[in-house]
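# Summary of structural features
Okay, here's what each chain looks like letter by letter:
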Amino acid sequence: MQQKQQEVDEARKLAQDGYPIEQIASMMHHTCKTIRNYLDPSYSVTDGHYNNRIPDKLAPYEKEVIELRRKGLTYPKIHKTLSEKGYTGSVASLRMFMQKERSLMHDQGEQNKPHSEFIQRKTLCQLIYRKLEDVATITPDQYEQALEKYPLLGNLYSLVREFHSAMFSKKSEKLDVWIESAKKHDIPELQAFVEGISKDLEAIKNGITYSYNNGLAEGSINKIKVIKRIMYGRNSFSLLKSKVLFHELFHNEFN
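Note that the structure is predicted; figures quoted are calculated from it, not measured. (Residues numbered from 1 in each chain as written. Predicted model: local features only at pLDDT ≥ 70, side-chain atom pairs only at ≥ 80, totals over all residues. Heavy atoms only, no water.)

### Some thoughts on unusual backbone geometry
Applicable threshold: Every helix listed is a DSSP run of H or I at least four residues long, and every strand listed is a run of E at least two residues long, numbered separately from the N terminus. Exposure is judged per residue with a 1.4 Å probe applied to protein chains only, and the accessible area is read against the type maximum: over 50% gives exposed, under 20% gives buried, and values in between give partly exposed.
The phi dihedral of H29 falls on the positive side, at around 60 degrees, and the residue is not glycine. Of note, H29 is situated in the loop between α2 (21-28) and α3 (32-39). According to the relative accessible area criterion, H29 is partly exposed, its value standing at 43%. A positive phi angle, close to 70 degrees, is found at K170, a residue other than glycine. Looking at the element boundaries, K170 is found in the loop between α9 (151-167) and α10 (173-183). The exposure class of K170 is partly exposed, given its relative accessible area of 47%.

### Concerning the pattern of salt bridges
Quick note on the threshold: Just to be clear on terms, a salt bridge is a Lys or Arg side-chain nitrogen sitting within 4 Å of an Asp or Glu carboxyl oxygen.
A complete count under the given rule lists four salt bridges for this structure. Put simply, K13 and D17 hold a salt bridge, and the shortest N to O gap is 3.3 Å. Residue class for K13 comes out partly exposed when judged on its relative accessible area of 48%. When the shortest N-O distance is used, the salt bridge between D176 and K205 registers 2.8 Å. Within this pair, whereas D176 is found in helix α10, its partner K205 is found in helix α12 (residues 201-209), the two being separated by 29 residues in sequence.

### Some words on the packing of helix α7 (residues 121-129) against α9
When two helices pack together, their arrangement is captured by the angle between the axes and the distance separating the axes. Here is the rule: Here, axes are lines fitted to C-alpha atoms. For helices the fit covers the stretch in contact, and angles between N-to-C directions go from 0 to 180 degrees. Oblique is the label for any angle not under 35 degrees, not over 145, and not in the 65 to 115 range, which are roughly parallel, roughly antiparallel and roughly perpendicular in turn. Contacts: residue pairs with any heavy atoms within 4.5 Å of one another. All amino acids are sorted into three groups, where Ala, Val, Leu, Ile, Met, Phe, Trp, Tyr, Cys and Pro are nonpolar, Asp, Glu, Lys and Arg are charged, and the leftover types, Gly among them, are polar.
In contact at an axis separation of 8 Å, α7 and α9 are set at 30 degrees when each is read in the N-to-C sense. Judged by the angle between their axes, α7 and α9 are roughly parallel. Where α7 approaches α9, its residues L124, L127 and I128 are matched on the opposing element by L153, Y157 and V160. Within the contact of α7 with α9, the residues separate by chemical class into six nonpolar, no polar and no charged.

### Focus on the nonpolar core
Note that soluble globular proteins tend to have their nonpolar side chains buried in a common cluster. The test is simple: Remark: nonpolar core denotes a set of buried residues (Ala, Val, Leu, Ile, Met, Phe, Trp, Tyr, Cys) joined through side-chain atoms within 4.5 Å.
L58, Y61, V65, I66, L68, Y75, I78, L82, Y87, L94, F97 and M98 together form the largest nonpolar core, which totals 12 residues. Within the residue set of this core, elements represented by two or more residues are α4 (62-70), α5 (75-83) and α6 (91-112). Here I66 is in contact with F97, M98 and E101, once residues within four sequence places are set aside. Formed by 10 residues, the second largest nonpolar core is a distinct cluster that contains L175, I179, V194 and I197.

### Brief notes about α4
Defined as follows: Each C-beta atom gives one direction from the helix axis, and the arc is the one those directions make.
Taken as a whole, α4 has its buried residues at E62, V65, I66 and L68. Taken end-on, α4 shows its buried residues confined to a sector of 165 degrees, consistent with a single buried face. When the buried face of α4 is taken as reference, the exposed residues oriented beyond 90 degrees from it are K63 and R70.

### A closer look at the packing of aromatic side chains
The condition is simple: The criterion for an aromatic pair is that two Phe, Tyr or Trp rings (for Trp, the six-membered ring) have centres within 6.5 Å, with stacked assigned to planes under 30 degrees apart, edge-to-face to planes over 60 apart and tilted to the rest. Comment: the charge-over-ring label is applied if NZ (Lys) or CZ (Arg) is within 6 Å of the ring centre and within 35 degrees of the ring normal.
Tallied over the full model, the rule gives seven aromatic pairs. Ring geometry for Y61 and Y87: centres 5.8 Å apart, planes at 75 degrees, overall edge-to-face. In this pair, Y61 is assigned in the loop between α3 and α4 and Y87 in the loop between α5 and α6, connecting sequence segments 26 residues apart. Residue class for Y61 comes out buried when judged on its relative accessible area of 13%. Ring centres of F163 and W178 lie 4.9 Å apart, and the angle between their planes is 55 degrees; this geometry places the pair in the tilted category. Taken together, the residues F163 in helix α9 and W178 in helix α10 connect sequence positions 15 residues apart. The class of W178 is buried, set by a relative accessible area of 5%. A connected cluster of aromatic rings, assembled from ring pairs, spans F163, W178 and F193. For the cation-ring pair, R69 lies above Y75, with the distance from its terminal atom to the ring centre recorded as 4.3 Å.

### Some remarks on the confidence of the model for the protein chain
Should pLDDT be low for a region, the predicted coordinates there are not to be read in detail. Quick note on the threshold: pLDDT measures how confident the predictor is about each residue, on a scale from 0 to 100.
On average, residues of the protein chain score 83 in pLDDT, and 89% of them are at 70 or above. Averaged over each element, pLDDT in the protein chain is lowest for α6 (75) and highest for α10 (93).

### A few points about empty space enclosed by the protein
The gaps left among the atoms become clear once a water-sized probe is rolled over them. The line we're drawing: A 1.4 Å probe that fits into a set of points on a 1 Å grid over the protein atoms alone but cannot get out defines a cavity; an open set with protein on both sides within 12 Å along at least five of seven lines defines a pocket, and lining residues are those with an atom within 4 Å of a point. Grid points are joined across faces, edges and corners, and a volume is the space filled by probe spheres set on the points.
If you walk through the whole model with that rule in mind, you get one cavity of 30 Å³ or more. A class-by-class count of the residues in the lining of the largest cavity yields two nonpolar, three polar and one charged.

### Some words on the environment of L39
Counting through the fold element by element, L39 comes out in helix α3. Judged by relative accessible area, which is 25%, L39 ranks as partly exposed. Sequence-wise, L39 and V8 are 31 residues apart; in three dimensions their C-alpha atoms are separated by 7.4 Å. The contacts of L39, once residues within four sequence positions are left out, are A11, R12, A15 and I21.

Written out as structure tokens, the structure is:
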């Protein structure tokens, strides 16, 4: 309930900031109909009849049931005790009552907790490959609060930016510095990534230093694979060779 109220507040704030319903729905991963409901001034996350109960056979014994459960008595024993006092309901009714009572106590405890803002995981993931100002679903204040509560996030974001800087710096020695910095963090996924880089370090450094790449060769290989898949199991190698050469001839004539 508390999380839904935060979503409603977020949708209304985005609407006040001038975002259209379609964009708000996309940002919050909801349908446009849901966002329209959130923006309706009469909308409430709670039902007016929620927790309103009709008095039943158990009503006179509710406090006693709660007290007996606190003492550790089983439901059959509680049922036997209450039956001697005039209770005519079932054991199942006792269980259902206690289940609702626990849920109600949990909701009340959640409401008494200090208010905290909800930031979606997707938003935090977007910060890996986008700048803070390019992510519309988080404010600078929220970002700072997230880093204060989870310092590891700040370290990871810094490592990502340093890695990006090293890859486009044309200076391969920066990668060595980054690897040493990354090794200091005891994160299994990060260490696996560092090990993968270390196994092919020379090739990666060449990619940083030099401007040329094997994109042209990879493009030709992918084209041959497509032709091969189209005619798989139905033609010979000689026909495959002819089709590849024909495609090259066709490409050269029209370019």
